[in-house]
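Single-letter residue listing:
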Amino acid sequence: MREVVQNDKKRARGRRSSPPGVALRCGVAALVSAAFVSGCGSPAPGSGAHSGPGHNSGRGGPTQALSPEARLAAEQARLAAAAQRWRLARVPLTPPAPPAVKPKITPRDGFEVDGQEEENLPPVFTTVPTGQKVVFLTIDDGAEKDPAFLRMMSDLKIPYSAFLSNYLVKDDYGYFRRMQSEGHTLNNHTLTHPYLPGLSYEQQRGEICGMQDIMKKQFGKAPTVFRPPYGNYNGDTLRAAKSCGIKYAPIWDEEVFVDHWEYRDWDRSLHPGDIVLTHFRGRDDWDGTMVDDMRRFLDKVTREGYAVARLEDYL
């Protein structure tokens, strides 16, 4: 059997250099104006800090009696204020509605394993086929549990998918339950984050299915999305994952750190449908926080005209 192993190195630590400061050149009014010009934002009757990303809270409030146009203006003002509060250069763009017909997900060329099609194994992919100018934010492992990160992403309504390893999240499942309650998706990243191709089929199955059991017990359901640690896998990995109920095995096309980006492709650019990786990390590993990391991520994707969409909405 031909083995496919990605050689992405472990990124447990980013390069330690100070992130560039963000110079705010405008106030809330200018941000609101930029938001309208770019077409971001959507009508929302409330602006509760803990509503799901891109969804209304459903709670009563003074905006309920407003016209759709007034609600849109109120939400734009709220997002502009949030962007200023978190020191973003501009208001993040709001993603389009999820596609009514989901794109067909196939393995990236060269990322297949023997038996991929015949056994209908979960595809390994780095980009979702779409013409929409969206990217997908994914965050791995669960080591850093920064409450400011949760507040930032809730304030800005930025969706993301977390890929969790039990040995790093078991000390605070509540942190990730809060994340889930705000509309973010929790996925499988194995029990102990091993190099899977070095394990037997049964050992790999124990890592993946074991995490499925934990996810169901702690978060109410077992996911259908799984990311192999370090992006390394072989045929046994995908067979084991399928046997555990996994349908998709996304990895990534770009990775963002607190002080730089790294790229898989030669053109070193974002593309529609790209999956972006970062990690739950803080000052113990980086010269900055998760908020700093998200500021770098959001400023770049917004500047280049991309909105952040939820990966699972396209699967």
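## With respect to the packing of helix α6 (residues 201-219) against helix α7 (residues 235-243)
So, step 1. Between α6 and α7, the shortest axis-to-axis distance is 9 Å and the interhelical angle comes to 45°. Here α6 is positioned oblique relative to α7, judged by the angle of their axes. The way α6 lies across α7 gives a crossing that is right-handed. Mapping the contact onto sequence places Y201, Q204, R205, I208 and C209 in α6 and D236, T237, R239, A240, A241 and S243 in α7.
So, step 2. Looking at side-chain class alone, the contact of α6 with α7 contains 5 nonpolar, 3 polar and 3 charged residues.

## Some remarks on unusual backbone geometry
So, step 1. In the Ramachandran plot, R87 falls in the positive-phi region, its phi being about 60° despite a non-glycine side chain.
So, step 2. By the secondary structure assignment, R87 is in the loop between α2 (68-85) and β1 (124-125).
So, step 3. Look at R87 and you get partly exposed, because its relative accessible area is 39%.
So, step 4. Phi at T190 takes a positive value of approximately 75°, unusual for a residue other than glycine.
So, step 5. Tracing the sequence through the fold places T190 in the loop between β4 (185-188) and α6.
So, step 6. Taking relative accessible area as the criterion, T190 reaches 0% and is therefore assigned buried.

## Quick word on the pattern of salt bridges
So, step 1. Counted under the stated rule, the structure contains 14 salt bridges.
So, step 2. When the shortest N-O distance is used, the salt bridge between R239 and E119 registers 2.8 Å. In this pair, R239 sits in helix α7 while E119 sits in the loop between α2 and β1, placing the two residues 120 residues apart along the sequence.
So, step 3. With a relative accessible area of 17%, R239 lands in the buried category.

## Examining the state of the cysteines
So, step 1. This model, assessed by the stated rule, comprises 1 disulfide.
So, step 2. The residue that forms a disulfide with C209 is C244, at a sulfur-sulfur distance of 1.8 Å. Where C209 bonds to C244 through sulfur, the torsion about that S-S bond is close to -95°, and the disulfide is left-handed. Of the two residues, C209 sits in helix α6 while C244 sits in the loop between α7 and β5 (249-250), which places them 35 residues apart along the sequence. Summarising the burial analysis for this pair, C209 and C244 share the class buried.

How each quantity is defined
Residues numbered from 1 in each chain as written. Predicted model: local features only at pLDDT ≥ 70, side-chain atom pairs only at ≥ 80, totals over all residues. Heavy atoms only, no water. Axes fitted to C-alpha atoms, helices over the stretch in contact; angles between N-to-C directions. Helix = DSSP H or I, 4+ residues; strand = E, 2+ residues; numbered from the N terminus. Parallel < 35°, antiparallel > 145°, perpendicular 65-115°, else oblique. Left-handed = near helix turned anticlockwise from the far one by under 90°. Contact = heavy atoms within 4.5 Å. Nonpolar A, V, L, I, M, F, W, Y, C, P; charged D, E, K, R; others polar. Buried < 20%, exposed > 50% of the residue type's maximum accessible area, 1.4 Å probe, protein only. Salt bridge = Lys/Arg side-chain N within 4 Å of Asp/Glu carboxyl O. Disulfide = S-S within 2.5 Å.

Note that every value here comes from positions in space, so none of it alone points to a role or purpose.
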